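Single-letter residue listing:
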Amino acid sequence: MSDLEKTLSIIKPDAIERALENKIKEEFISNGFKIAKEKKIQLTKSEAELFYKVHETKPFYSDLCDYLSSGPIIVMILEKNDAVKENRKLMGATDPKKADEGTIRKEYGISIDKNSVHGSDSLENAKIEISFFFKDQQ
Ligand code: CMP
C-alpha cells in the first residue's frame, strides 16, 4: 500500500524563460499528480542560499544560488500516492544527459544547472521545503 504524499516541485528559471511552464505542469497532471498549491515568485540570492543550504559545501553552491534567483520560478505542492518517489521518477536524473527518455529533464533540461525542475528528495525534505515556500502548510 502506498500513501498519499505531498512533495515540493519547482519549475526553474530556464524553463520559465522558454515558456515551458504549461507543458511541464501538464506532464505532472497527465501523470496523476494534483497541483494542490502553486505560486510564481522570484527569490533573492539569500533566499536561494537558505533553500539550498544542504548544498552549501559543494563547489557549485554559489552558481546554483545565483541561477535559482536569476528569474521567476513556479513553486508547487504536488500530491499523489508515493509523490516523492513518483516525482523523482518523472523528473529523471539530475543531469539531463543521463536522464531516461520520457522524463521531464530529458525532454526539457539543458544542462546539469539548467535542468528545468527541482523535486524534494525525501519525505522529510518535502515537509521542510513545502513549509519554506508555503508557511501555512505542514
Ligand atoms: P536540484 O534537484 O535542484 O538540486 C540541486 C541542484 O544543483 C541540482 O538540481 C542541479 O541543478 C545543481 N547542480 C549543479 N551542479 C551539480 C552537480 N555537480 N551535482 C549535482 N547537482 C548539481
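Everything numeric here is computed off the predicted structure, so don't read it as measured data. (Residues numbered from 1 in each chain as written. Predicted model: local features only at pLDDT ≥ 70, side-chain atom pairs only at ≥ 80, totals over all residues. Heavy atoms only, no water.)

Enquirer: Please clarify how the site of the ligand should be interpreted in this entry.
Expert: Taken together, Lys-12, Tyr-52, His-55, Phe-60, Leu-64, Thr-94, Arg-105, Ile-112, Asp-113, Asn-115 and His-118 are the residues near the ligand. Between an oxygen atom of the ligand and a main-chain N or O atom of Ile-112, the distance comes to 2.6 Å. Note that an oxygen atom of the ligand is positioned 3.2 Å from one of the side-chain N or O atoms of Asn-115. The site holding the ligand turns out to be the largest pocket. In the shell around the ligand, the residues fall into four nonpolar, four polar and three charged. (Near = heavy atom within 4 Å. Polar contact = N/O pair within 3.5 Å; in protein donor to acceptor, adjacent residues only side chain to side chain. 1 Å grid on protein atoms, 1.4 Å probe; cavity = no way out; pocket = protein on both sides within 12 Å on 5 of 7 lines; lining within 4 Å. Sits in = over half its atoms within 2 Å of the grid points. Nonpolar A, V, L, I, M, F, W, Y, C, P; charged D, E, K, R; others polar.)

Enquirer: Would you take a moment to explain the packing of aromatic side chains for this structure?
Expert: Each aromatic ring pair is described using two quantities: the centre-to-centre distance and the angle formed by the ring planes. Counting across every chain of the model gives five aromatic pairs. Relative to Phe-33, the ring of Phe-28 has its centre 5.9 Å away and its plane inclined at 85 degrees; by these criteria the two rings are edge-to-face. Comparing Phe-28 with Phe-33, the two get one shared label, buried. Every member of this aromatic cluster is reached through a ring pair, and the members are Phe-51, Tyr-52, Phe-132 and Phe-133. We note Lys-39 situated over the ring of Phe-134; from NZ or CZ to the ring centre the distance is 4.9 Å. Lys-135 extends its terminal NZ or CZ atom over the ring of Phe-132, reaching a point 5.3 Å from the ring centre. (Phe/Tyr/Trp six-rings, centres within 6.5 Å; stacked < 30°, edge-to-face > 60°. Buried < 20%, exposed > 50% of the residue type's maximum accessible area, 1.4 Å probe, protein only. Lys NZ or Arg CZ within 6 Å of the ring centre and 35° of its normal.)

Enquirer: Just to check I follow, could you spell out the layout of surface pockets for this structure?
Expert: Of the pockets and cavities examined, the largest pocket occupies roughly 610 Å³. As for the largest pocket, its lining consists of 27 residues, of which Tyr-52, Val-54, His-55, Leu-64 and His-118 are closest to the centre. Broken down by secondary-structure element, the contributors of at least two residues to the lining of the largest pocket are helix H3 (45–51), helix H5 (83–91), strand S4 (117–119) and helix H7 (123–133). When residues in the lining of the largest pocket are grouped by element, the largest group, four residues, is from H7. Of the residues in the lining of the largest pocket, the class split is eleven nonpolar, eight polar and eight charged. (Points joined across faces, edges and corners; volume = space filled by probe spheres on them. Helix = DSSP H or I, 4+ residues; strand = E, 2+ residues; numbered from the N terminus.)

Nothing here speaks to function; it is all geometry.
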